[in-house]
Amino acid sequence: TGVAMGDIVTISYTLYQQVLCRAICIKVLPGALGKGSQARVQWFALTTLLLAACYLCANLVPLFIDLVNLIGAVFCTVLSCVFPPMLVLALRKQDRANRTRWVHWVSDGTAAAVLVLGVYLLVSCTLSCLVVLGQDASKSGNGPFGCHSINDAGS
């Protein structure tokens, strides 16, 4: 099953890479979409360069999953729990004349509560991800191009 999984990953990457490379070619290298040997060489060079870049990114960052968790903890909480209440509060500040007083209190209070919750989640999730990142970094065998699992289930 390990070989089959590698084949599935290779096929799916190849399909997704074609879409990404076509978008890059449309914007940056339109000659690679033409006909002829020059276009094929440009297409081959671009797809090979993208493959090498993806391979290096995946293998040079030994704690890639922890990096993804940290990025998610920071950006998901900010984009879903911090910015929307800030925008609601800014809108309410501009539009106070058109609403009754109790609606202001309810909407402002709800937005402020979500904003406080968002800041709390941002700080706690980010700190938690940093702690896990530090713990995983201190384990042995996590160097670049190391194929060691950081899962403790086998120990």
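Residues numbered from 1 in each chain as written. Predicted model: local features only at pLDDT ≥ 70, side-chain atom pairs only at ≥ 80, totals over all residues. Heavy atoms only, no water.

**Focus on the overall build of the chain**
What counts is decided by this rule: A run of DSSP states H or I qualifies as a helix once it reaches four residues; a run of E qualifies as a strand once it reaches two. Both are numbered from the N-terminal end. For each residue, the accessible area found with a 1.4 Å probe, counting protein chains only, is set against the maximum for its type, and the residue is called buried under 20%, exposed over 50%, and partly exposed in between. Here, Shrake-Rupley sampling with a 1.4 Å probe gives the accessible areas, and only protein chains in the shown set may cover a residue.
Assigned secondary structure in the chain consists of four helices and zero strands. Across the chain, helices and strands are ordered from the amino to the carboxyl terminus as α-α-α-α. The buried share of the chain, taken over its 155 residues, is 17%. Here the chain has roughly 11,300 Å² of accessible surface; of this, 72% comes from carbon and sulfur atoms.

**Quick notes on the nonpolar core**
The line we're drawing: What we call a nonpolar core is a set of buried Ala, Val, Leu, Ile, Met, Phe, Trp, Tyr and Cys residues that are connected through their side-chain atoms within 4.5 Å. Residue contacts are defined here by distance: any two heavy atoms, one from each residue, within 4.5 Å place the two residues in contact.
By size, the foremost hydrophobic cluster in this structure holds five residues: Cys21, Cys25, Ala32, Leu46 and Leu50. Elements with a minimum of two residues in this core: α1 (2-27) and α2 (37-60). Setting aside anything within four residues of it in sequence, one finds leucine 50 in contact with Tyr13, Gln17, Leu20 and Cys21.

**Regarding the confidence of the model for the chain**
So the rule is basically this: For every residue, the predictor reports its confidence as pLDDT, a number between 0 and 100.
For the chain, the average pLDDT comes to 81, and 84% of its residues sit at 70 or higher. Taken element by element, the predicted model of the chain shows its lowest mean pLDDT in α1 (81) and its highest in helix α4 (residues 101-138) (87).

**Topic: the packing of helix α3 (residues 64-94) against α4**
What counts is decided by this rule: Angles here are taken between N-to-C directions and fall from 0 to 180 degrees, while the axes themselves are lines fitted to C-alpha atoms, restricted in helices to the stretch in contact. Geometric relationships in this document are graded by angle, where less than 35 degrees denotes roughly parallel, more than 145 denotes roughly antiparallel, 65 to 115 denotes roughly perpendicular, and other angles denote oblique. Crossing handedness follows the turn of the near helix against the far one: under a right angle anticlockwise gives a left-handed crossing, and clockwise gives a right-handed one. Nonpolar residues are Ala, Val, Leu, Ile, Met, Phe, Trp, Tyr, Cys and Pro. Charged residues are Asp, Glu, Lys and Arg, and all others, Gly as well, are polar.
Where α3 meets α4, the axes come as close as 8 Å, and the angle between the chain directions of the two elements is 165°. Relative to α4, the element α3 lies roughly antiparallel. Once α3 is placed against α4, the crossing between them reads as left-handed. Tallied by class, the residues present in the contact of α3 with α4 amount to 21 nonpolar, six polar and four charged.

**Examining a nonpolar patch on the surface**
So the rule is basically this: Patches in this entry comprise residues that are over 30% relatively accessible and not in a salt bridge; like charges within 9 Å are linked, as are nonpolar side chains (Val, Leu, Ile, Met, Phe, Trp, Tyr) within 5 Å. Salt bridges are defined by distance alone: a side-chain nitrogen of Lys or Arg within 4 Å of a carboxyl oxygen of Asp or Glu.
A contiguous nonpolar patch, built from Phe64, Ile65, Leu67, Val68, Ile71, Phe75, Leu79, Phe83, Met86 and Leu87 and spanning about 960 Å² of accessible area, is present on the exposed surface. Tracing the sequence through the fold places phenylalanine 75 in helix α3.

**Focus: the environment of leucine 51**
Checked against the element boundaries, leucine 51 lands in helix α2. Relative accessible area serves as the criterion here: at 43%, leucine 51 is assigned to the partly exposed category. Remark: the alpha-carbon pair of leucine 51 and threonine 14, spanning 37 residues in sequence, is separated by 9.0 Å. If we ignore the near neighbours within four places in the chain, the residues touching leucine 51 are Tyr13 and Gln17.

**Quick look at α4**
Put simply, the test is: Multiplying 1.5 Å by the residue count of a helix minus one yields the expected span of that helix.
The first and last C-alpha atoms of α4 sit 55 Å apart over 38 residues, in line with the 56 Å expected at 1.5 Å per residue. Taken as a whole, α4 has its buried residues at His104, Ser107, Asp108, Ala111, Gly118, Thr126, Cys129 and Asp136. Packed against the buried residues of α4 are α3.

**Concerning α3**
Filter applied, for reference: Note that bend, as reported per residue, equals the angle between axes fitted to the 7 residues terminating at that residue and the 7 residues originating from it.
Compared with the 45 Å implied by 1.5 Å per residue over 31 residues, the 43 Å span of α3 between its first and last C-alpha is a close match. Along its length, α3 shows its largest kink, about 40°, at valine 78. Every buried residue belonging to α3 is among Asp66, Leu70, Ala73, Thr77, Val78, Cys81, Val82, Pro85 and Arg92, and all of these are buried. Each element contacted by the buried residues of α3 is listed here: α4.

**Examining the state of the cysteines**
Convention followed: A pair of sulfur atoms, both from cysteines and within 2.5 Å, is called a disulfide here.
Taken as a whole and judged by the stated rule, the model has zero disulfides. Note on cysteine 125: no disulfide assigned, nearest cysteine sulfur contributed by cysteine 129 at a separation of 6.7 Å.

**Structural notes on the environment of glutamine 42**
Mapped onto the secondary structure, glutamine 42 falls in helix α2. As for glutamine 42 and leucine 29, which are separated by 13 residues in sequence, their C-alpha atoms are 8.1 Å apart. Apart from the residues within four sequence positions on either side, glutamine 42 is in contact with Leu29, Gly31 and Ala32.

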